[in-house]
Amino acid sequence: MKRPSEGCIQGERSKRRFEALLATRTSSADQLSGNSRALLNQAVFQLIDHHQDLNQLLKEATVIHDRGSCGDVETTQPEATAEETQELHSLHPTVLSCVNYLKHSVAQDGSGTSHISARTCIEGLKATLGASKTSADVLLTTEQRKRVQPLLAAVQTLQTDQSFSRSHFIKCLTTEVALPLELVWYLHQTAGIPLSSYLACNIGKPSAMSAFVQSVVKAYFCGSRDDRLVRRDILTGIFSTLISYGYTEKRGKSEETSAKGLRKASVVLLDKMFMGLISSEESDVGDEDCRLKLGEVLHVHGNISQDALQQFCIRQLNAVFAHNSSPSVWEVISAQSHWTYPGLPVHIRDLYTQMLALLTPEEVTRQLEYVVDRDQVNWKAVLCFVSVFLISCNSGSTYLKGLIDRLISQSLEANNCQHLLVAFLLVRQAGQEGPHVFPPYSQWFQSKFGGSSSPHVSGVRTFSCLMRLLSDMVPHETPQCLKVHILHPPHVLARCRGQLSDYITLAKTRLADLGESIEESSIYEDGSADRQGKTDRTLQAAHDVERAMAQFEKTGKVPANVIEASIFRRPYYIGRFLPALLVPRTLPDVPDLRMKFIDALKRAEKIPGNMYTAYMEGCRREAAQLLEGVFVGDEQEELFEPLDQLRHSLDKFPAAVVTCIQNTSATTVTDEVTPLLSVISERLTMVLEAHPGQSSLPEVVHLDISHPQLDSSHLQVVDLLLNTFCKTVAGTSALFTEKPDITPSSTRDWAAQFVSMLSRHTVLLTALHVRLWHLISKEGPHLALYHIHGLAAFLLHLGSLKTLFPKFQVPGYTSPYAVALTSTLYCSTGRDMLYCLKFCTAFLEHATCVDNRATSSHATDDKQSFIPLAKPRDIPPPIVHKFMYLVPRLLGNDVGLPGTKPVTMDTQYFFKRASDELKDEDQQLLMAAAQIYHSDFFRQILDREEQKFSLRDWVRFELQVNPLQDYLSQMARHDYHRWVLQYFLPLPVQEGGCGGSHTLAAQDIICSLLDNINRPHTSDTSEDHVHTRQVCQHCEKTVQSAGCFSELTCLLQELFLLLSLEQTTCQSESRAKSHDNWLLGILGNRLRQVGHECGDSNRLLLEEQETCNFMRLCMSLPAEYLYGVSSQERLSAKALSAVAEFINTLLRNHMGQSSCFPFDVTSYLLRGALTAVATQSVSDGDWWLGQLLAASPLLEASLLAWWGKLQPLVSHLCSGCGAGQLPAPLKNISVLTQWAAGVNSDSTNVGVAPGVSNVSSEARLLAAALFHGLNTRYRTQSVQPASSVRVIKAIQALGGPVGPGVASSLLLMVMLHLSMVDFTSQKSQSAGSPWVKLAQSLMNAYPESLEVFTEITENPTAMLRLYPDRLYQLLPVMFFRSLVACPVDILQDHRFLSTALHMHVKVTGLYQSAGGEEGWGGTKATYGGQLLTLDLMGQITRILMHCIPQCSVESFQQLDMDILSQCDPDVQHQVKKRLSFI
């Protein structure tokens, strides 16, 4: 048996002991006494304390932090109070362990508790950060950050318990550990160790402060994108704290010494930090995405006052301007050309820009003024800052100019050349940044010192100061500035010419030393083209030629600079300028700009004869070389007739142009096409000589489009030319598509030459324009696609070259020919729309082209790049508007917005809706239209003011559409209308949209609909005319089409609901005011526009038309909107006043009938009023309705006239309001109607019905009720002789003063009714008419009613009017009509004669004015449908003459002799004769 080893025996023994201990644990514990148990616990705690390590606790905190554990750990600390225990348990468990460990360490030591805890924390930080005392990283690592956080929390807790020495901690920390910048900020932010304490400990340690500054600079520039936010928060906190320390308001003597020291230290630190940012090398600066922005640190995220920020920036600017000052200001003159904005390091440029954002321009210029008086200045920094100031500040140029002017004025007055030199430095620095921010130095110098009116050189003293400075600057000047001073010298006084001569001599000597010659200077020398003074003479001469030609094109005269150069700089002019101008070439048939410029120089004798002769010979050689072999078989063509020769040459032209483009570079294509066109032009001349016409045309040619009188041979030639042009366009377009490397201009330049060639053949131009009009506007839908492309291209070039042609005017159109022609492209039917889109697309395709190179390089981008080939102003607005209208309509709503990347859309969308089978070429054209629609080129065109497409334009086009022949179904058109509305609503007003305003959208639609209603009354040749007569596709009959008017009206109704919500949610007073009486405001604006456009002759007629159409449109909308948009507005006094004025003026004059409105108008106005008061209380509603009816008597009379029909409607509307009863004003209307019906009924006793007594004082209402009751009875029943008697009895039964008032009002209404009947009909009322009988009865019963005639004619506002104003002028005529067979009783009244004579005077005046236009709708005064005739005047005079003998003596005694003197001589004689017997 094997013996076990010794190790096994020991293991078994140990195991037995441990098991034995476990077995006897309970019994042993029970046997211990109290003291023994306490000693055992103490020994266990000591054993644990001796083996605890702070680093292990921090590591444990890191592990727990990673796991996210939040479990509780029990700790035993009998010494802690209840509050302390609660506070400690609120901490993280591991932080609690650290705190307990530190407190226990202090308790074991027994002395210096706060120092020991601080020392222990420092040891923990040293273990975490490392033992380096000299350098540290800016940021903590992730591991360090996790371990530091619980320790900082423990430090904060110990400070709360006053168990921690902050000063000892900081002192040891700054001497033993190199702290990262992030830890310094964490100590300040979370651990209660303020930055001020940290700085106070390091004030006497330059190395520590330097390391702090370097850390800040490093954190600003260097880092990664991931830690950018951390660095920003740290630097924001540090900068904010230091600026608050250093730039807070001083407290004077009461400020403590430590505070003063902290202030100074903070300011010094900030200075060093900013200087470190400025002085950093570009290689030390990180990527732009990684480095921070000063404004972001200080202004955006910092919490610093604006005053402190400005103080900080001003101090830093002054420090930068003084840092490393320039040894001499003179050295700056030659060196500043390198100090430009683009040449600045990016970080310096950004720092300056951010500082400028924190300063005002006034403050910046003030600091620049301070620099002038300093001795030590860093001029590089100053001038670089000036460049940034100019570029970054919008008003920088203005403020800098003001500073320069002040410096110049002050320096010249004080004879201080130093300040004047600074001004010159600032000007040159600003001038080299480009003319878009500051004028070039040459332009500035000439404007300041070149004119005699310049205040700077007005005296000898100031001129001498300027010359002294310029002379001192000569050794340091660049050649370009010296040339500027010589070529554009300052204005010199007579006594100072010697000084200027000396300077020019000195400057020329300096130029000679530099190898420059003033005679070789270019004509347009500005000193800014080449800062080094070296220029390419050949390019310089070519540049001068271009600028001289551009100036010649504007003025038509040879520029003065060229004349001056031909005299004073002849070597350059003869040796370089003229050779650059006189380059031999093939001369065009129509002189171009270069030919005209050369001819002007030749006539001015500025071109030597030998040079001009050599130039012309060279041009002839070029033409002869190009003509060699151009046409094969030209000799045989001479045997043909002129027209056949022309046809043969035109047949060869398309192929020749295509071959020329294929085989020739783009720069010489036009030169090779020119001889071809010369041959065509010559043969065209031969043809036209055989058929002579008008050899010259006036400046404005009026075309007869409807009935042209043209020579058939001219039309034949025009067709040949246009056909050739169209074929050539098709060939060159296909060539460009096949070969992307061909430049777009080479396929377009020949077309401009072709069109310009035709301008010389004036005989043909009228036929050309007429034929072009008929082809495009009449025969367009039947043309082939290549013809459409060709005609569109021809029209484009015809418009761009309009200066070569006379102005052609089409009758009925005020716009230019191209605009008028394109406005005739109608969009009524689907076929018309397709043709219009084809033409517009072809026009825009020729105005631009696809950049194939850009397209191939961005093959994955759906949006193609386009190159503009025509100026946007050459594109007629109708082309842009109709293209913008048709693309979304024909391609579907998914086409998106113009100028944006196209969305995925169904390319077959259009073909699915088309009834006809379309070709593949049509599909290609629609896709081309979509590409142009989404191009930036089209977006730029829409940005032009005259080519913007507005909602009104869209409505105008949509009203042209015939729904019967539209490609869209009714539902599709409904969806399309909503899409258009959603497109225009958010679009800014500047771009033709509504700016988010439903009000503006509704206003545009209303105005467009009103324009459409009025348009049929205008001429058919108007540009905006819409053909409303269409051919029905079912029966092929011509029918009147309303277009989409009803559908757009429905759209407007839906928009009104949104408009109401917009007004309801609007709380701004100014916004609410914009909706005051909104609908009536639209009408008012239109009426004012009508008054301005047509004058007084047709104003009232058009005003009536506008008002009637406005009401027709309004009656298709909710009635309450006439009173206001919102419920609050409708009940306002302003809205009520506006509606009442509208009823009493426009509606009364233009829609009033027999003292009432038509039923539909009355019903509409009443429905709107009842809806407006539906939400109000009964009393408020009754009051508002009462006010409305009192202010609108014609509306009240209309209610009386139509109450029988209106009562069911009113009862229904009032059934849901209140108690369902009628409002009080309408109850009165009902009572009055019943009373009037009772008066006119044969079975009813005469008298006042119950309830009338409360309105008996309203004579006007009673008269209106009687009148409309009689009018109804006279229209529907036979007239009884007793009816007038019953009316008189009813009036007499009223009693008191009411009766005569009712009689006067009723008499006036009867007379006006008779006037209206005679005015509107050809048949006058007979003497036996019931109305005439009633008028006679009223005058007999109430003679005082005669006064109403005098009152209403002398004072029109004496009574409220119920009829149009034009009828009141016929009252005198109707007065005499009522006297026919009149009883003698009325003639005996003392008031009758005066009234009759007064009426006779009015009739005479009316007759005298009948020859001219009267003020009632532009119509002449009529009676019985005829003009007032002499025969009618004779009848009236005879009636009066018959009545005069029957008048009473009293009437003659009360006669007004002034009125008698104005009467007819026969009447005067008769009256005077009667007076002689009295």
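Please refer to the structure higher up on the page.
Peer 1: I keep staring at the overall build of the chain and nothing clicks. Help me out?
Peer 2: When helices and strands are tallied, the chain shows 71 helices and 8 strands. Expressed as a percentage of its 1478 residues, the buried residues of the chain come to 50%. Taking the contacts inside the chain whose residues are at least 6 apart along the sequence as the reference set, 77% of them involve residues at least 24 apart. When the accessible surface of the chain is split by element, carbon and sulfur atoms take 52% of a total near 68,800 Å².

Peer 1: Would you mind showing me how to read the pattern of salt bridges here?
Peer 2: Once their charged atoms are close, side chains differing in charge can pair, the charge on each being opposite to the other. Enumeration according to the criterion identifies 20 salt bridges in this entry. Salt bridges sharing partners connect three or more residues here, namely Arg889, Glu958, Asp966, Arg973 and Glu1047.

Peer 1: Before we go on, may I ask you to explain the packing of aromatic side chains in this structure?
Peer 2: The geometry of an aromatic ring pair comes down to the distance between the two centres and the angle between the two planes. Counted under the stated rule, the structure contains 36 aromatic pairs. Of the aromatic side chains, those joined through ring pairs into one cluster are Tyr885, Phe949, Phe957, Trp979, Tyr983 and Phe984. Its guanidinium or amino end placed over the ring of Tyr341, Arg349 lies 4.9 Å from that ring's centre, counting from NZ or CZ. Directly above the ring of Phe957 sits Arg956, whose terminal nitrogen or CZ lies 4.8 Å from the centroid.

Peer 1: I tried to follow unusual backbone geometry on my own but got confused; where do I start?
Peer 2: Negative phi characterises most residues that are not glycine, and trans characterises most peptide bonds. For Asn415, which is not glycine, the phi dihedral falls at a positive 55°. Given a relative accessible area of 34%, Asn415 falls into the partly exposed group. The phi angle at Glu605 is positive, at roughly 60°, despite the residue not being glycine. Relative to the assigned elements, Glu605 resides in the loop between α30 (593-603) and α31 (609-627). Of the residues examined, Glu605 reaches a relative accessible area of 70% and is grouped as exposed.

Peer 1: Explain the packing of helix α12 (residues 206-221) against helix α13 (residues 228-246) here, please?
Peer 2: Contact pair α12 / α13: the axes reach a minimum separation of 10 Å and the direction vectors enclose 135°. On the basis of the axis angle, α12 is oblique to α13. As for how α12 packs across α13, the hand of that crossing is left-handed. Contact residues: Phe212, Val216, Ala219 and Tyr220 in α12; Arg231, Leu235, Ile238 and Phe239 in α13. Here the contact of α12 with α13 is built from residues that sort into 7 nonpolar, no polar and 1 charged.

Peer 1: Whenever I open this one, helix α58 (residues 1224-1240) confuses me. Can you help?
Peer 2: An α-helical segment advances 3.6 residues per turn. Residues three or four places apart therefore align on the same side. An ideal rise of 1.5 Å per residue puts 24 Å on 17 residues; α58 measures up with 25 Å between its terminal C-alpha atoms. Where α58 is concerned, the buried positions are Pro1225, Leu1226, Ile1229, Ser1230, Leu1232, Trp1235, Ala1236, Gly1238, Val1239 and Asn1240.

Peer 1: I tried to follow the environment of Leu1270 on my own but got confused; where do I start?
Peer 2: With respect to the secondary-structure elements, Leu1270 resides in helix α59 (residues 1259-1276). The buried category is assigned to Leu1270, whose relative accessible area is 0%. C-alpha of Leu1270 to C-alpha of Ala1237: the two residues are 33 residues apart in sequence and 8.5 Å apart in space. Once residues within four sequence positions are removed from consideration, Leu1270 is found in contact with Asn1240, Val1287, Trp1331 and Leu1334.

Peer 1: How should I be thinking about the environment of Ser950 in this particular structure?
Peer 2: Inspection of the secondary structure assignment puts Ser950 in the loop between α45 (936-942) and α46 (951-958). Separated by 54 residues in the primary sequence, Ser950 and Asp1004 place their C-alpha atoms 8.9 Å from one another. Beyond its immediate chain neighbours, meaning those up to four positions away, Ser950 contacts Phe984 and Gly992.

Peer 1: Explain the side chain of Thr824 here, please?
Peer 2: Structurally, the position occupied by Thr824 is in the loop between α39 (817-822) and α40 (830-847). Relative accessible area serves as the criterion here: at 6%, Thr824 is assigned to the buried category. Here Leu821 takes part through its backbone oxygen, which lies 2.5 Å from a polar atom of the side chain of Thr824. Those residues in contact with Thr824 that lie beyond four places of it in its chain are Trp773, Ser777, Tyr813 and Lys882.

Peer 1: Help me understand the side chain of Glu1047, please; the structure alone is not making it clear to me.
Peer 2: Relative to the elements of secondary structure, Glu1047 occurs in helix α49 (residues 1045-1065). On the accessibility criterion, Glu1047 (16% relative accessible area) is buried.

Peer 1: Just checking my understanding: could you explain helix α67 (residues 1392-1408) for this structure?
Peer 2: Taking 1.5 Å as the rise per residue, α67 with 17 residues should run 24 Å; its terminal C-alpha atoms sit 24 Å apart, in good agreement. Counted residue by residue, α67 has 12 buried out of 17 residues, so it is predominantly covered. All buried positions along α67 are accounted for by Phe1392, Leu1393, Thr1395, Ala1396, Leu1397, His1398, Met1399, His1400, Val1401, Val1403, Thr1404 and Leu1406.

About the cut-offs
- Residues numbered from 1 in each chain as written.
- Predicted model: local features only at pLDDT ≥ 70, side-chain atom pairs only at ≥ 80, totals over all residues.
- Heavy atoms only, no water.
- Helix = DSSP H or I, 4+ residues; strand = E, 2+ residues; numbered from the N terminus.
- Buried < 20%, exposed > 50% of the residue type's maximum accessible area, 1.4 Å probe, protein only.
- Contact = heavy atoms within 4.5 Å.
- Areas by Shrake-Rupley, 256 points an atom, 1.4 Å probe, with all protein chains shown as cover.
- Salt bridge = Lys/Arg side-chain N within 4 Å of Asp/Glu carboxyl O.
- Phe/Tyr/Trp six-rings, centres within 6.5 Å; stacked < 30°, edge-to-face > 60°.
- Lys NZ or Arg CZ within 6 Å of the ring centre and 35° of its normal.
- Axes fitted to C-alpha atoms, helices over the stretch in contact; angles between N-to-C directions.
- Parallel < 35°, antiparallel > 145°, perpendicular 65-115°, else oblique.
- Left-handed = near helix turned anticlockwise from the far one by under 90°.
- Nonpolar A, V, L, I, M, F, W, Y, C, P; charged D, E, K, R; others polar.
- Expected span 1.5 Å × (residues − 1).
- Polar contact = N/O pair within 3.5 Å; in protein donor to acceptor, adjacent residues only side chain to side chain.

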